[in-house]
Amino acid sequence: MPLVRSHYPFSAIVGCDAGELDDLGLSLVLTGISPAIGGVLVRGEKGTAKSTAARALAALLPPVDVHPEDRFSTDPADPDDASPDGPFAAGAPVESRPVRLVELPVGATEDRVLGSLHLEKALAHGKVAYEPGLLARAHRGILYADEVNLLPDHLVDLLLDAAATGRVTVERDGFSVEHSARFLLIGTMNPEEGELRPQLLDRFGLTVEVAAPRDPAPRAEVVRRRMAYDADPAGFAARHRPAEQALAARVAAARERLGQVLLPDTALTKIAEICAAFDVDGLRADIVTARTAVAHAAWAGRTTVTRADIRRAARLALPHRRRRNPFDAPGLDEDLLDRILGDDELPPDPPPSQPPADEGPDGAGDDGPGDDGLGEDAPGENDAREPGATGGGAEGGQAPDDATPKAPEPAAGPDDSPDADADRTPAAPPGRGAAQDTTVKATAPYRPRLLTVRGTGEGTDGRRSRALGSRGRRVGVARPGQDAGGSLHLVETVRAAAARTRTGRADGPLRLRGEDLRTAVREGREANLILFCVDASGSMAARKRMSQVKTAVLSLLLDAYRRRDKVGLITFRGQHAELALPPTHSVDIAAARLDDLPAGGRTPLAEGLLEAARVVARERRRHPRLRPLLVVVTDGRATGGKDAVARSLRAADQVASLGVSAVVVDSESGPLRLGLAAGLAARLHADHLPVREVSADALSTAVRERAA
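Note that the structure is a prediction, hence the values are computed from the model and not measured.

Asker: Explain the overall build of the protein here, please?
Answerer: Each helix and strand in the protein was counted, giving 23 helices and 20 strands. In the protein, which comprises 708 residues, the share counted as buried stands at 45%. Within the protein, contacts between residues at least 6 apart in sequence are counted, and of these 78% link residues at least 24 apart. A total accessible area of about 34900 Å² is found for the protein, and carbon and sulfur atoms account for 51% of it.

Rendered as structure tokens:
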């Protein structure tokens with residue numbers, strides 16, 4: 001069997017030996033056996049062979065048959081898989097080629113992914129022709145997206161459409177093309193750089209969490225193999241070729257066996273019980289778990305799905321589907337999984353039996369099965385109910401409480417009950433001031449009002465502030481290099497060439513030059529850096545106030561996640577300010593840091609603002625097109641250090657001199673208010689927003705009241 005030369009042999013990866021595959025290796029192999037599973041998402045820290053394993057998978061998959069002149073790799077044996085390059089005659093030549101591994105770069109354009117007008121044929125020959133994109137090239141192969149969590153939203157939308165339908169439709173530039181796009185989607189990501197959109201997360205059939213081993217022995221073996229490969233790649237690959245060939249042969253045999261594997265009703269019922277107990281959304285989890293269990297049985301050489309197959313399938317298919325909101329960490333309670341599966345092997349399906357002629361529509365009357373003298377304990381009756389008994393019900397002979405194990409109840413939120421405050425750390429008693437820190441939790445987040453950066457930017461595609469970019473409505477044209485990277489505007493290019501030539505002839509080819517090229521200028525939305533500067537001093541330590549502040553910031557963090565923003569978190573209390581979270585795409589980490597944030601001590605407002613100025617200046621040097629939005633959460637008091645008020649005013653002036661858009665979220669509450677936060681907002685040239693008005697619903701209510 002021909003093998004594709006990989007960057008690094010799959011069988012040489014520690015943990016991917018054919019004898020005992022770890023979760024990473026097994027998930028990739030199972031999707032190779034059954035592409036209907038839906039692909040694999042590999043999550044993990046840097047340097048854990050995520051990309052290496054994904055790129056090496058192509059060498060293990062059987063080759064595909066194609067027509068040599070077919071650019072869309074359609075299946076010659078499938079009449080429904082039509083190619084835009086076809087139709088092909090019945091006797092057209094067919095060749096076998098290795099499975100393609102197509103990589104989707106983070107910076108890919110929509111034209112490159114979908115395909116576009118073939119410019120050479122259009123400009124040189126006057127013909128309108130379609131140039132296939134990456135999705136067409138990946139058909140019947142592997143589409144690999146490294147750092148899939150950093151893909152722009154418009155590319156994610158394209159992937160979602162193709163994954164849902166298995167087809168791509170392109171209507172643009174004077175042509176209409178539809179072609180198949182069924183591929184094995186593999187994505188890798190580092191959760192520290194941000195999470196994946198829930199819609200795309202659910203499209204991955206399996207997910208795997210990988211981490212570097214802590215045992216020195218396997219770590220040393222990884223280094224040993226990598227150094228051997230770097231010293232002699234060809235020799236290293238040759239030494240592992242027998243293992244690669246054996247692994248590829250086993251994958252091919254499992255593919256052949258896949259259609260012969262039986263999924264008993266008892267196994268299917270058990271899968272449904274597991275998915276229901278873990279409270280997953282929808283039914284895709286049930287389908288993927290069933291397909292994965294069948295593929296695992298085929299990989300193990302079995303023809304019937306067993307308890308072990310279901311357990312392994314559930315561990316790979318369910319963790320990422322249990323997340324109720326973006327801040328929930330993926331995972332699976334394996335103790336609960338084992339309780340549902342039980343210790344005994346699944347019973348076989350009961351043999352089909354003919355119902356008695358006088359049987360009612362419900363299957364049996366009240367007087368027993370008939371006049372054969374058999375009572376309630378007739379042979380076969382208990383067996384027929386056994387799969388139901390496994391699923392749990394009082395009718396199955398088990399107590400209702402023990403029949404169906406349920407997932408553990410989630411911990412009650414801060415406001416889930418009147419006694420919720422009993423579990424919190426009490427506030428400092430009167431007379432102690434800020435000597436005792438307090439830590440309270442946020443309540444359920446709400447939909448916040450939209451905070452934007454002033455003006456028009458040129459940042460990466462997002463959903464927050466106005467920006468000129470490659471997506472959005474067309475607002476003008478520009479010469480190449482003068483815009484924000486827009487696509488070619490064909491009509492304006494032709495118009496510029498016509499204006500230049502002015503030959504007056506109605507016929508003859510139009511001569512184009514580089515100076516005639518025009519690109520479209522589009523206005524859309526960009527992502528921003530949302531830098532939170534949160535006051536955690538003693539003046540914020542009142543239980544209700546800090547809970548209100550944390551809830552507001554948590555709501556804004558969730559909004560930043562949905563709008564694909566980068567976030568950072570600065571806290572100030574006592575005598576210092578701390579960069580609790582450097583700017584990152586991982587909103588999850590920011591939420592966790594916020595949740596554990598204590599309150600107490602004096603208010604070093606100046607230190608907090610100066611730290612914010614340093615972070616903004618540094619990020620501008622690193623990412624000039626990423627515009628920041630500073631969100632200062634404080635009541636405006638300044639009590640930390642000598643001349644605290646004067647220093648805070650000078651710090652505010654320094655921040656204002658940077659020209660950064662800012663919002664001051666005023667946490668002051670109660671009947672007596674000093675209005676210090678409003679004064680700070682004026683000094684920063686920032687918007688002033690009381691914390692109670694962060695909610696979009698509160699804003700709508702205020703607008704309605706003013707209108708009335």
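Asker: Whenever I open this one, the packing of helix α1 (residues 23–33) against helix α10 (residues 241–257) confuses me. Can you help?
Answerer: Helices that pack against each other are described as a pair by the angle of their axes relative to one another and the distance between those axes. α10 packs onto α1 with a crossing angle of 50° between their chain directions and a minimal axis gap of 9 Å. By the angle class used here, α1 and α10 are oblique. The two elements α1 and α10 cross, and the hand of that crossing is right-handed. Taking contact as the criterion, the partners of Val29, Gly32 and Ile33 in α1 are, on α10, Val251, Ala254 and Arg255. Of the residues in the contact of α1 with α10, the class split is 4 nonpolar, 1 polar and 1 charged.

Asker: Hey, could you run me through the environment of Thr584 in this one?
Answerer: If you trace the backbone, Thr584 turns up in strand β17 (residues 576–584). Given a relative accessible area of 12%, Thr584 falls into the buried group. Separated by 16 residues in the primary sequence, Thr584 and Gly568 have C-alpha atoms spaced 6.4 Å apart. For Thr584, the side chain forms a polar contact with the main-chain nitrogen of Ser586, separated by 3.1 Å.

Asker: What exactly am I supposed to notice about the sheet that holds strand β14 (residues 519–526) here?
Answerer: Hydrogen bonding along the main chain pairs the strands of a sheet, whether they run parallel or antiparallel. Taking strand neighbours across the sheet as the criterion, the 3 strands line up as β12-β14-β13 in an open arrangement whose pairing is antiparallel. Here the strands that pair on one side only, and so sit at the sheet edges, are β12 (461–469) and β13 (473–478). Averaged over neighbouring strand pairs, the angle between their axes works out to 35° when direction is ignored. Two elements, β12 and β14, share 6 bridges in a ladder whose sense is antiparallel. Paired with Arg466 across the bridge in β14 is Arg525.

Asker: For this particular structure, what's the right way to read the packing of aromatic side chains?
Answerer: For any pair of aromatic rings, geometry is given as the distance between the ring centres together with the angle between the planes. On inspection of all chains with the given rule, the structure shows 3 aromatic pairs. Residues Tyr8 and Tyr229 carry aromatic rings whose centres are separated by 5.1 Å and whose planes lie at 65° to one another, so their mutual orientation is edge-to-face. Of this pair, Tyr8 sits in the segment before α1 while Tyr229 sits in helix α8 (residues 216–231); the two residues are 221 residues apart in sequence, bridging distant segments of the chain. On the basis of relative accessibility, which here comes to 10%, the residue Tyr229 falls in the buried class. A centroid spacing of 5.7 Å and a plane angle of 75° characterise the contact between Tyr229 and Phe236, whose relative ring orientation is edge-to-face. According to the relative accessible area criterion, Phe236 is buried, its value standing at 3%. Taken together, the aromatic side chains of Tyr8, Tyr229 and Phe236 make up a single cluster linked through ring pairs.

Asker: Even after reading the chapter, I still don't get the pattern of salt bridges, so can you show me in this structure?
Answerer: Counted by the stated rule, this structure contains 32 salt bridges. For Arg614, the salt bridge identified is with Glu611, shortest N-O distance 2.9 Å. Taken as a pair, Arg614 and Glu611 lie in helix α20 (residues 605–622) at a separation of 3 residues, close to a single helical turn. When its relative accessible area of 48% is taken as the criterion, Arg614 is described as partly exposed. Here Arg637 and Asp635 are joined by a salt bridge, their closest N and O atoms 2.8 Å apart. Accessibility expressed as a relative area gives 26% for Arg637, which makes it partly exposed. Linked by salt bridges that have partners in common, Asp23, Arg311, Arg312, Arg315, Glu334 and Asp338 make up one network.

Asker: Would you mind showing me how to read a nonpolar patch on the surface here?
Answerer: There is a patch of nonpolar side chains on the surface, built from Val14, Val222, Val223 and Met227 and spanning about 320 Å² of accessible area. Considering the arrangement of structural elements, one finds Val222 in helix α8.

Asker: Would you mind showing me how to read the sheet that holds strand β7 (residues 142–146) here?
Answerer: Here we have 5 strands laid out as an open sheet, ordered β4-β7-β10-β1-β11, and parallel in their pairing. One side of each edge strand has no neighbouring strand; the edge strands of this open sheet are β4 (101–103) and β11 (206–210). Each strand of the sheet is rotated relative to its neighbour by a mean of 20°, with strand direction disregarded. Sheet topology note: the strand β1 (residues 40–44)/strand β10 (residues 184–189) ladder contains 4 bridges and is parallel. Its bridge partner lying in β10, Val40 is registered against Ile186.

Asker: Hey, could you run me through the side chain of Ser661 in this one?
Answerer: Within the fold, Ser661 resides in strand β19 (residues 661–666). For Ser661, a relative accessible area of 5% gives the class buried. The residues contacting Ser661, other than those within four sequence positions of it, are Val453, Arg454, Pro628, Leu629 and Leu630.

Asker: Sorry if this is basic, but what is going on with the pairing of strand β15 (residues 529–535) here?
Answerer: One face of the sheet, then the other: side chains in a regular strand alternate in exactly this way. Across the 7 residues of β15, 7 count as buried, placing the element largely inside the fold. The two faces of β15 match: Leu529, Leu531, Cys533 and Asp535 on one face and Ile530, Phe532 and Val534 on the other face are all buried. As defined by bridge partners, β15 adjoins strand β16 (residues 566–573) across 7 bridges and the pair is classed as parallel. Bridge assignment links Phe532 to a residue of β16, and that residue is Leu569. Where β15 and strand β18 (residues 628–634) come together, 6 bridges link them in parallel fashion. By the bridge assignment for β18, Leu531 is matched with Leu630.

Asker: Which parts of the structure should I look at to understand the environment of Leu337?
Answerer: Among the structural elements, Leu337 can be located in helix α14 (residues 334–341). Considering only alpha carbons, one finds Leu337 and Arg315, 22 residues apart in sequence, at a separation of 8.7 Å.

What counts, and where the lines are drawn
Residues numbered from 1 in each chain as written. Predicted model: local features only at pLDDT ≥ 70, side-chain atom pairs only at ≥ 80, totals over all residues. Heavy atoms only, no water. Helix = DSSP H or I, 4+ residues; strand = E, 2+ residues; numbered from the N terminus. Buried < 20%, exposed > 50% of the residue type's maximum accessible area, 1.4 Å probe, protein only. Contact = heavy atoms within 4.5 Å. Areas by Shrake-Rupley, 256 points an atom, 1.4 Å probe, with all protein chains shown as cover. Axes fitted to C-alpha atoms, helices over the stretch in contact; angles between N-to-C directions. Parallel < 35°, antiparallel > 145°, perpendicular 65-115°, else oblique. Left-handed = near helix turned anticlockwise from the far one by under 90°. Nonpolar A, V, L, I, M, F, W, Y, C, P; charged D, E, K, R; others polar. Polar contact = N/O pair within 3.5 Å; in protein donor to acceptor, adjacent residues only side chain to side chain. Pairing = 2+ DSSP bridges. Phe/Tyr/Trp six-rings, centres within 6.5 Å; stacked < 30°, edge-to-face > 60°. Salt bridge = Lys/Arg side-chain N within 4 Å of Asp/Glu carboxyl O. Patch = residues over 30% accessible without salt bridge, like charges linked within 9 Å, V, L, I, M, F, W, Y side chains within 5 Å.

So, to be careful, I would describe these as geometric facts and stop short of saying anything about function.
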